[in-house]
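Structural features, examined
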Amino acid sequence: MSSTHDWINNPLGVVKEMFDMSHNNSTSGWEEKVVKFFKEQLKEKDARTAVPSLNDVPLHYLKPNSLVKFRCFIQDMFDPEFYMGAYETVDPSSKAKMMQCGKYKDVAECSVDFHSSNTVNAERQTFYCVPVPGESPWVKERYASESQGRVVPSTSYAPSRQKRSYEDDDDMDTHPQKQREPNSAVGPQSPDNHHGNADCKRQETEAPSSQAASASHLDLNFPLPGEKGPSCLVKVYEDWDSFKLNDMLEVYGILSVSPVLSVLADEKETSSSLLDPTDSMETAAEQRVHCPPASLVPRLHLVHSQRLLHNNPLMPLTVMEQNTAFLSSTLSEMAAVRAELLTYFTHVLLGDTLAAEYLILHLISNVYNRRDVLPLGKFTLNLSGCPTVGSYTERLYHIIQQLVPSSFYLGMTLQNLNQMRLVPKKDYVANRLVSGALQVPKNTSLFLDETRLEQGQLDTAGVHNVTALGNLISWQKVDYDFNFHQMEFPCNVNVLVTSEGRSLLPSDCQIHLQPQIPPSQIEEYLSSLHVPSDSSSQVNKFRIFLGVARLLDYSISDEVTKSVEDDFVDMRKDDPQSVSAEDLHRMLVVARLLSLSLGQTTLCRDSWMRAKHIEMQRKTRVEQQKCVNGNEP
Amino acid sequence: SSIGDLMAMPTSPGTDLLSPAAPQDTSLLSSPSFLVSSPLMYGTPSSRMEGTPRSGVRGTPARQRPDLGSVRKAPQVDLQSEQPVSDATVGSEPSGGQRLVIWGTDVNVNICKEKFQRFVQRFVDPTSTEDENAGLDLNEPLYSQKLEEISVVGDPVLNVNCRHLQSFDAELYRQLVSYPQEVIPTFDMAINDLFFDRFPDSFLEYQIQVRPYNALKTRNMRSLNPEDIDQLITISGMVIRTSQLIPEMQEAFFQCSICGASARVEVDRGRIAEPAACRHCNVSHSMALIHNRSLFSDKQMVKIQESPEDMPAGQTPHTIVVYAHNDLVDKVQPGDRINITGIYRAVPMRANPLQSSVKSVYKTHIDVIHFRKTDEKRLHGLDEDAEQKLFTEDRVQSLKELSLKPDVYERLASALAPSIYEHEDIKKGILLQLFGGSRKDFSQTGRGHFRAEVNILLCGDPGTSKSQLLQYVYNLVPRGQYTSGKGSSAVGLTAYVMKDPETRQLVLQTGALVLSDNGICCIDEFDKMSDNTRSVLHEVMEQQTLSIAKAGIICQLNARTAVLAAANPVESQWNPKKTTIENIQLPHTLLSRFDLIFLMLDPQDEAYDRRLAHHLVSLYYHGEEQMEEEFLDMSVLKDYIAYARTYISPRLSEEASQALIEAYVDMRKIGSGRGMVSAYPRQLESLIRLSEAHAKVRFSERVETIDVEEAKRLHREALKQSATDPRTGFVDISILTTGMSATARKRKEEVAQALKKMIQTKARTPAMKYQQLLEELRAQSETAVTKELFDEALRALADEDYLTVTGKTVRLLA
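The structure reproduced in this document is the subject of the present report. Only a predicted model underlies this, so the values are computations on that prediction, with no experimental measurement involved. (Residues numbered from 1 in each chain as written. Chains lettered and ligands numbered in written order. Predicted model: local features only at pLDDT ≥ 70, side-chain atom pairs only at ≥ 80, totals over all residues. Heavy atoms only, no water.)

1. What about the overall build of chain A?
Along the backbone of chain A there are 21 helices and 19 strands. Sequence separation of at least 24 residues holds for 78% of the intrachain contacts in chain A that already meet a minimum separation of 6. Within the structure as shown, chain A displays about 25600 Å² of accessible surface, and the carbon and sulfur contribution to it stands at 52%. (Helix = DSSP H or I, 4+ residues; strand = E, 2+ residues; numbered from the N terminus. Contact = heavy atoms within 4.5 Å. Areas by Shrake-Rupley, 256 points an atom, 1.4 Å probe, with all protein chains shown as cover.)

2. Details of the overall build of chain B
Per the secondary structure count, chain B includes 29 helices and 29 strands. For chain B, the residues scored as buried account for 52% of the 814 residues in total. Taking all contacts inside chain B whose residues are at least 6 apart in sequence as the whole, residues at least 24 apart take part in 67%. As presented, chain B carries roughly 36600 Å² of accessible surface, and 51% of it is formed by carbon and sulfur atoms. (Buried < 20%, exposed > 50% of the residue type's maximum accessible area, 1.4 Å probe, protein only.)

3. Some thoughts on the environment of Phe484(A)
The residue Phe484(A) is located in the loop between β16 (477-481) and β17 (486-490) in this model. The spatial distance from the C-alpha of Phe484(A) to the C-alpha of Arg586(A) is 37 Å, given a sequence separation of 102 residues. Contact partners of Phe484(A), with chain neighbours within four places excluded, come to Tyr428(A), Met238(B), Val239(B), Ile240(B), Pro334(B) and Gly335(B).

4. A look at the environment of Cys555(B)
All names here are of chain B. Summarising the element assignment, Cys555 is placed in strand β22 (residues 553-558). On the basis of relative accessible area, Cys555 is assigned to the partly exposed category, the value being 23%. In the structure, Cys555 is positioned 229 residues away from Asn326 in sequence and 32 Å away in space, judged by C-alpha atoms.

5. Notes on the sheet that holds strand β12 (residues 407-411) of chain A
All names here are of chain A. Taken in spatial order, the five strands line up as β12-β15-β18-β11-β19 in an open sheet, and their pairing is parallel. Either end of the sheet is taken by a strand with one partner, and the two such strands are β12 and β19 (509-512). Neighbouring strand axes in the sheet, compared pairwise and without regard to direction, differ in orientation by 20 degrees on average. When β12 meets strand β15 (residues 444-449), the two strands line up parallel, connected through five bridges. Bridge assignment links Gly411 to a residue of β15, and that residue is Asp449. (Pairing = 2+ DSSP bridges. Axes fitted to C-alpha atoms, helices over the stretch in contact; angles between N-to-C directions.)

6. Here we look at the packing of aromatic side chains
When we look at a pair of aromatic rings, we describe it by the centre distance and by the angle of the planes. Taken as a whole and assessed by the stated rule, the structure comprises 25 aromatic pairs over all chains. Look at Phe127(A) and Phe243(A): their rings are 5.4 Å apart centre to centre, the planes differ by 55 degrees, and that puts the pair in the tilted class. Of this pair, Phe127(A) sits in strand β5 (residues 120-131) while Phe243(A) is found in the loop between β6 (232-236) and β7 (248-256), placing the two residues 116 residues apart along the sequence. One aromatic cluster is present, formed by Phe116(B), Phe119(B), Phe123(B), Tyr143(B), Phe168(B) and Phe187(B) through successive ring pairs. Across the ring face of Phe243(A), the terminal group of Arg307(A) is positioned such that the distance to the ring centre comes to 6.0 Å. Here Arg592(A) stacks its cationic end above the ring of Tyr368(A), 3.8 Å away from the centre of that ring. (Phe/Tyr/Trp six-rings, centres within 6.5 Å; stacked < 30°, edge-to-face > 60°. Lys NZ or Arg CZ within 6 Å of the ring centre and 35° of its normal.)

7. Focus: the pairing of strand β7 (residues 262-266) of chain B
Residue and element names in this part refer to chain B. Burial of the side chains of β7 is restricted to one face: Ala263 and Val265 are buried, whereas none of Ser262, Arg264 and Glu266 on the reverse face is. Relative to β7, strand β6 (residues 232-256) is paired through five bridges, and the arrangement is antiparallel. Of the residues in β7, the one forming a bridge with Glu251 is Glu266.

Okay, here's the thing in structure tokens:
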């Protein structure tokens, strides 16, 4: 077991050993060996949990240059950088030359011989990673409790960092809320954040006590307002083209928090002079973004990473097929859990079973494919007729948040629409992608609360935001603003719109809520609304259910295809006006989701009929509603 | 403050005149006449130029080239002896020179020089199409002519296309790319020797500088790697930021504060070796830097970002820092698309003696040697160059193979938006729009440019995937814009004037139509557009320009964009009993500017429903792989279109022209009998454009009859769909243009023939009653004959000059 500690506590030792070995017998390929070594080590059963996680262990408990893991989201990609992959040092006293390995490190020994012909230059890519945006608290807790058991013996870690521990303790332990407050109050895109903090860096070093205040000035660029957690500069050495913006990753890397990094940045700013070409290259703003103090934004030198298909801690990480045991046990329970969930949602949706049914379908929807521009499988739900009393929509959101791994509540107030930054925008001065609320990982539940909308005027930004939301819903894409051009990033977000009447945003499916509770009693009913407690086994079953249903494969057999076609032709015969291609599109999605929610991976005739049935019910209800409101389009 | 000092320099020439080095940085001295009059111009070269060979040429000052880095006094090495050769005479002897190379390279100065001179004197490129070479005799040595140009114009810069160099001497080219820092000064030397031999009397501001461009190793920013450091590279990108001018010190001027003696120190790699003691009076630490007598050169930092086209999906664009020097400063503005040629540099972090460790990262940048704007002339003329995408040989080959397939047209059409079911003709129309016609310039004869772009309007029931088609097209073309009629205003489409927040100046911001110049502007919900907004489209859709007169800015911008619009019927459902105009409520002036107007209707027929259902179901469950096999890849389609648009510009063949004339005359005939104009020259132009586009699809340089046939067919199909008068059942040209559905025409002809026969069989009375004739015809025919149909038949016979109708009587003619 001692070896385990070696590769976790001192991974650079492992790297150095391999580097030296290759150097002596001149067999190349030590780089692959390192990658392979860590991959092998992490394959072992407990190994993953043995590695401390940056998500739940405060930074100052972690030992510098040790192996850590980080569950994160690629928010921005910086330019590739060239570094000294291997270099020679000269001992000033003995003049002895030594080859050193520069990989997985930020800093080199000082006595570098810059003119040595043995220097090997190499290239690496930096990604700016933030914790998964919108991750529900239960997910965080669950992940933390899984790894915590092995990590926390903090006493052995704490003393290892003599130099910064005082400030860090101060900062991290006492001010996490403070640090967060200004952020959540002004929102992520407050213009003040960018200005007037030219001196903040100096403040930091001079007065550590004020660090918490100045730290908030350092905009960590979280996509969603009110987020917290460490962000990280992940340095990738291999195969960086395979990473994509907005990927969810679990990275294993060597933590680098050397204070030199911030000192270097600091010193550069002060000594900026006319004669050094490297100084004028970056603006102060760029400097701040690309070289933030390591105590706030640590560097991670990636040795192994895994793309996350989901961030549900209750499900196995790997592809479903490989976990047949898990899969079969869940599948057998699916129908039962679904029934329970339906009952529960009916309770939440004021006794409306049909709406509950659609809510389930919505929550397990997933863009599983794209045909040229058309995303397949999306199922945006517009829940109209929501009561405006007793902050019903907020309650609904909290319940959904309890069930899905990541979610975000966007109250569509005029202020939010006009002022919030939804679409990420490239800031060329600081050379970074300023995040927006629509930069979220896949399968995030976006809850748009239109009941909050009041009369007023949308300004230009507001119109752009509404357009962006519309594009997101219709095409599942967000056009990032690169100032001179736009760039399209596909996404996969479950959008739920709650509104009083029909939503102003497009949707795949509108259902009007029909409360079974008399309006006078709604408020009372709401106060007694049952919110699932975090630990109950039932709620975990729901979470697994929603997660698994989304990942299942699905197919339609030829016979069913035939009968679906027949059905469609018949329906068109009866009433060609009311059944269009769009309806068939929707019915196919509903049938798909309905089958999956029952744990069936092929469409059967029953499910098709049932899909048709609930669609009919929903349509009649929408028609009725139109008659009631009259003037609605 | 140092900039202020700089500006002051030319006004106080007294101090500078004394120094022999002063004229060397002539860029700072505004008046060249002063140089001519200065006797110091000629004579001893500056002390710091001793190491460089350029000073030898007739006293024309050499200008430092900061783009090549500080002048490296690299020793030449004899390969055999491995000893640095200090004696320059050895190098000048051809036999000894063979083995003499610049240290660290395989470049021999003399051989390199000779080779380059030979290149300049002999290189001929008869096929050159570059605009720079306009006016040059292509059969004469190209660069010799350019030298002549330099002697006349006096701009001492020689741009050399590396592609030419490579085709002439591959070895020299390799050396240039690998050791630009050594080879380019050699070129400079060679060209100046040559120039002053040929034009000994010409006067230049400073010596000619060679600027190679278009290094064949043209790279995507993403593919730059550590091996490219210190090599000559060409990359393309977009300027995103330019810094202010940075005065960079080239030579520091020190003066002794005790005795006033001065010393000049050249800046070497950003460092000045400050003299520790005065050489004159030997007092130590007495030398002080005098700023305004030091020499500075201009420098500017430019940030380049990858062009959006060559970026892999799902990643963010990379940026790179570029330094422009001297006269290249301020040559580019943010937003420009440029190709830059320069030397890729990496600067290591300097070790700081105070610290025990150093960041192991290099800073990289490019020292630019040559800028080439790719969209230079966008606002002025045609820019076929700009569109030029580099295709690999293989790709071109495979595209050509594809073009030879007999069903290439159908194939491409079905590859277009495969997720949208059927609507074959609409897809074909859009395909032709993507290719566009050939550009024709009639500005000589006063009509200006003819529109080459095809405009298409789709109208029809909501939910018939019109928007989806638009989205697809928008995603397919490199310069596409997507707007919605609901959300766009006139200014959003055209251009607006706003105050730049930084400079407080009025600037013109271009809107969607201008941005999609040379592309396609997709406008959804065309009908929801306000009249005001729509009116700007009139100019764009025919003249292809946009005139703006607001806030003191009066200009005409090019907007050579094809418009693909989608409109919904006013009553939300298409009313088949109404005409297109009534259904979409668009002014006919605008409608007539569309080459093709398609209806996308729900056909409501069982077989169609079944096919549709099958298509949709399979869409939802077949995997990506199966679908891919059936259709062409989107990227192939993209390349195919780009290739055809760039390289193919078909011309009408004789037969095709005849066919077009016939088609046009036919169209004119249809309505002429009824005393109305049924086809305008506009329709003829549409047909020509469509035929040309179809020829482009076949990669054919000639428009053949088959192209005309298809254009006619498509045009007719579109009209049949959109210009049919629902009341009379035939296409009425007063709605849109002209044309008639095939069935209606057939029926009319039948009735006309029956009528004629009937009249012939009857007694030849010259006049008949209208009503009577109708009743007789009705009695005779098996199918019902409506009054309208009867009228039509009469009109058809009248067209044949068989009879005339006057009031209620029908008279036979002849």
